[in-house]
Amino acid sequence: MTSVGSVTRQIAAMEISNKKPGTSTGASGSSLRQPLMKQPSQTNVTKLLTKFAAPNPFPNSTNKPTNPSSLRNPVSSKPGHATQPSIDIGNYDGGLEIENEKRGERVYGEAAEELALDSSTSRRYPTREWSLHDFDMGRPLGKGKFGRVYMVRTKAEPKYIVALKTLYKSEIVQSKVEKQIRREIEIQQNLRHPNILRLYGYFHDEKRIFLMLEFAAKGELYKQLSKLHRFSERRSSRYIDQMADALIYLHSKHVIHRDIKPENLLLGINGELKIGDFGWSVHAPGNRRMTLCGTLDYLPPEMVEGKEHNEKVDYWALGVLTYEFVCGFPPFEDRDSVNNTYRRIARVDLKFQDKDVRLSEEVKDLITRLLRYDPQKRLPLTEVQKHPWIVKYRQKRDSAQ
Ligand code: AMP
C-alpha cells in the first residue's frame, strides 16, 4: 500500500506541473489557488450568442440527449441555410502566428504518430477535414499550459462559433502526457450531454494540435466563485443537479472523471454548467483503478490511502464541490500543511462552520451523505437527484418557468 508520505511526494510533484488558474493546462489546477488574472469581459459576446453560438446538440436543455447535431459537415448540412447576421467574435491579436514562430518544435517518431490527431479519421464520429484556414479568428479566450484558446467562427456556412484550443506537440511530449492528451480527446469526442463540453473536431499541423470545442459563453465557473466567494444554495443546488446528471451519464459510459473541481467547470450561454476538462478521466470498463491522480482537496480517502478506487471517487468529489460552492472553500483544506489535509480527508474530518453563513440542514445532510469514508456508503447519484435539497430548488425553478 502506498504511504501517505509517498502520496504526498507524488502529489507535490504533480502540483508543480499543474496549471495555475489563468495560465492553465488542459489538465488540473493547484489546490493552493493563485489570484485570478483579469480577462476581457464576455458579457457582450454572451448576449450576441444566444441564437448563434456553436450548435447546442440539446436545444431543449432538458438534460436528455436528443439527436446531436455536430460540425460534421457544416457546408452541406443545410442547403440554403440563411446567412446569419455578423456576430462580434472580437479582434484577433495575431497571437497564434507570433507564438508559433517562437514556440514549440516538430516532433518525430512514435510521439508524432501518437499526436497526429485528426477527427476526419475518427472511427466513431468522423468529421470533415479541418484546417486553420477554415476559421475566422476572434478574440483570445485564455492561455493554457500547452497553448492559447481563441474564439473563432467557421468560414463556411452555417458560421459556427467555437473555442479553438491549441496544444504544442513538443510541450506535450516534454510533459510526457501524449497518451493522456490522446485519451482526453478520444473520451471527449464521444460524449454528448448538455453539461459536458462538446468537442466537435480536431486537427493538427507540424507543431500543434487544434481542438474545436463548444464555446462556453459565460466562461469559467471558478472565476464567478472567486468573485462571489460562495454561491447561494439555490444556485449551488442547480449546479449540483447538473453535475449529478453529467456524472450519471459519464459513469454509464464507464468514464470516471477523477478531477472534479471548480477550475474544470465552464458555463454555457444560459449559465448551465459544463464539465470542460478530461485530463484525468479514465475509461475504465473494468471499474477499478489504482493510479494516483486528481487534486489534493478533492481526493477521496481511498486515493489518499493508495487503495483501489472506482467511480465512487466522483461521488466524493461531488460532496466536496457542494461544500465549496456553499462555503467558499473546500472542507478538508489546510493551507499550511498538505499532510494535514490528507489526514483530515482520511479521518473525514468534516466540520460545518456556520459563523459566516447559515447553511440549511438539507445541504449539510447531502454533503454528509456524499462524504463517507466507505465508497459503498456514499449516496448514489440517482439519489442525489432525488435529495430534498436538490428537489426543493428544482421545483421552484420549474414552477417559475
Ligand atoms: P485551458 O487550456 O482549457 O485551461 O483554457 C485556458 C483558458 O481558456 C480557460 O481558463 C478559459 O478561460 C478559456 N477557455 C478554454 N476553453 C474554453 C471554451 N470552450 N469556451 C470559452 N473559454 C474557454
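Predicted model, so just to flag it, every value in this text is computed and none were measured.

Let's shift gears to the overall build of the protein. Along its length, the protein carries 15 helices and 10 strands. Out of the 401 residues in the protein, the part that is buried amounts to 55%. For the protein, the proportion of contacts with a sequence separation of at least 24, taken over those separated by at least 6, is 70%.

What follows covers the UniProt feature "binding site: ATP" (unreviewed entry) in the protein. Following the UniProt record, the feature "binding site: ATP" (unreviewed entry) maps to Lys145, Lys165, Glu214, Phe215, Ala216, Glu263, Asn264 and Asp277 here. Within the secondary structure, Asn264 sits in the loop between strand S7 (255-256) and strand S8 (265-267). On the basis of relative accessibility, which here comes to 2%, the residue Asn264 falls in the buried class. With respect to the secondary-structure elements, Asp277 resides in the loop between strand S9 (273-275) and strand S10 (282-283). The class of Asp277 is buried, set by a relative accessible area of 7%.

What follows concerns the pairing of strand S3 (residues 147-154). Counting buried residues along S3, eight of its eight residues qualify, which places the element largely inside the surrounding structure. Across seven bridges, the pairing between strand S2 (residues 135-144) and S3 is antiparallel. Within the sheet, the bridge partner assigned to Gly142 lies in S3 and is Val149. Where S2 folds back on S3, the antiparallel hairpin that results is connected by two residues.

Taken N-terminus to C-terminus, the directions of helix H9 (residues 233-252) and helix H11 (residues 312-327) make an angle of 165°; their axes are 10 Å apart at the nearest point. Relative to H11, the element H9 lies roughly antiparallel. Once H9 is placed against H11, the crossing between them reads as right-handed. In this structure, H9 contributes Glu233, Ser236, Tyr239, Ile240, Met243, Ala244, Leu247 and His251 to the contact, and H11 contributes Asp314, Tyr315, Leu318, Leu321, Thr322, Phe325 and Val326. Here the residues of the contact of H9 with H11 sort into 10 nonpolar, three polar and two charged.

This next bit is on unusual backbone geometry. In this chain, Glu157 is followed by Pro158 through a cis amide linkage whose omega measures -10°. Residue position: Pro158 is located in the loop between S3 and strand S4 (161-168). Phi angles above zero are rare outside glycine, and His254 is one such case at about 60°. Relative to the assigned elements, His254 resides in the loop between H9 and S7. You can call His254 partly exposed: its relative accessible area is 42%.

Counting 54 residues, the largest nonpolar core has Ile240, Met243, Leu318, Phe325 and Val384 as its most contacted members. Each of domain 1 (5-9 + 44-213) and domain 2 (221-400) gives at least three residues to this core. The next biggest cluster of nonpolar side chains, apart from the first, holds 25 residues, and it includes Ile172, Ile209, Leu213 and Ala216.

What follows covers helix H12 (residues 338-347). Residues of H12 that are buried: Thr341, Tyr342, Arg344 and Ile345. Taken down its axis, H12 places every buried residue within 165° of arc, on the same side. Of the residues flanking the start of H12, the one acting as N-cap is Ser337, its side-chain oxygen 3.3 Å from the backbone nitrogen of Asn339. A positive backbone phi angle near 50° is found at Val348, which sits one or two residues after H12.

The two faces of a sheet get side chains in turn, since along a regular strand they alternate between them. Most of strand S6 (residues 208-214) is tucked away: seven of the seven residues are buried. The pairing of S4 with S6 spans seven bridges and is antiparallel. For Tyr168, the partnering residue across the bridge sits in S6 and is Arg208. By the bridge criterion, five bridges tie strand S5 (residues 199-204) to S6 in an arrangement that is antiparallel. Note on S6: the bridge partner recorded for Leu199 is Leu213. Where S5 folds back on S6, the antiparallel hairpin that results is connected by three residues.

Per the counting criterion, the structure on display carries 11 aromatic pairs. For the pair Phe203 and Phe210, a centre-to-centre distance of 4.9 Å together with 15° between the ring planes defines the contact as stacked. The two residues Phe203 and Phe210 agree in class, both being buried. What links up through ring pairs into an aromatic cluster is the set Trp130, Phe135, Phe203 and Phe210.

Scoring rules and cut-offs
- Residues numbered from 1 in each chain as written.
- Predicted model: local features only at pLDDT ≥ 70, side-chain atom pairs only at ≥ 80, totals over all residues.
- Heavy atoms only, no water.
- Helix = DSSP H or I, 4+ residues; strand = E, 2+ residues; numbered from the N terminus.
- Buried < 20%, exposed > 50% of the residue type's maximum accessible area, 1.4 Å probe, protein only.
- Contact = heavy atoms within 4.5 Å.
- UniProt positions renumbered as here; feature names shortened; annotations may be inferred.
- Pairing = 2+ DSSP bridges.
- Axes fitted to C-alpha atoms, helices over the stretch in contact; angles between N-to-C directions.
- Parallel < 35°, antiparallel > 145°, perpendicular 65-115°, else oblique.
- Left-handed = near helix turned anticlockwise from the far one by under 90°.
- Nonpolar A, V, L, I, M, F, W, Y, C, P; charged D, E, K, R; others polar.
- Core = buried A, V, L, I, M, F, W, Y, C linked by side-chain atoms within 4.5 Å.
- Domains from an automatic or database assignment.
- Arc of directions from axis to C-beta.
- Polar contact = N/O pair within 3.5 Å; in protein donor to acceptor, adjacent residues only side chain to side chain.
- Phe/Tyr/Trp six-rings, centres within 6.5 Å; stacked < 30°, edge-to-face > 60°.

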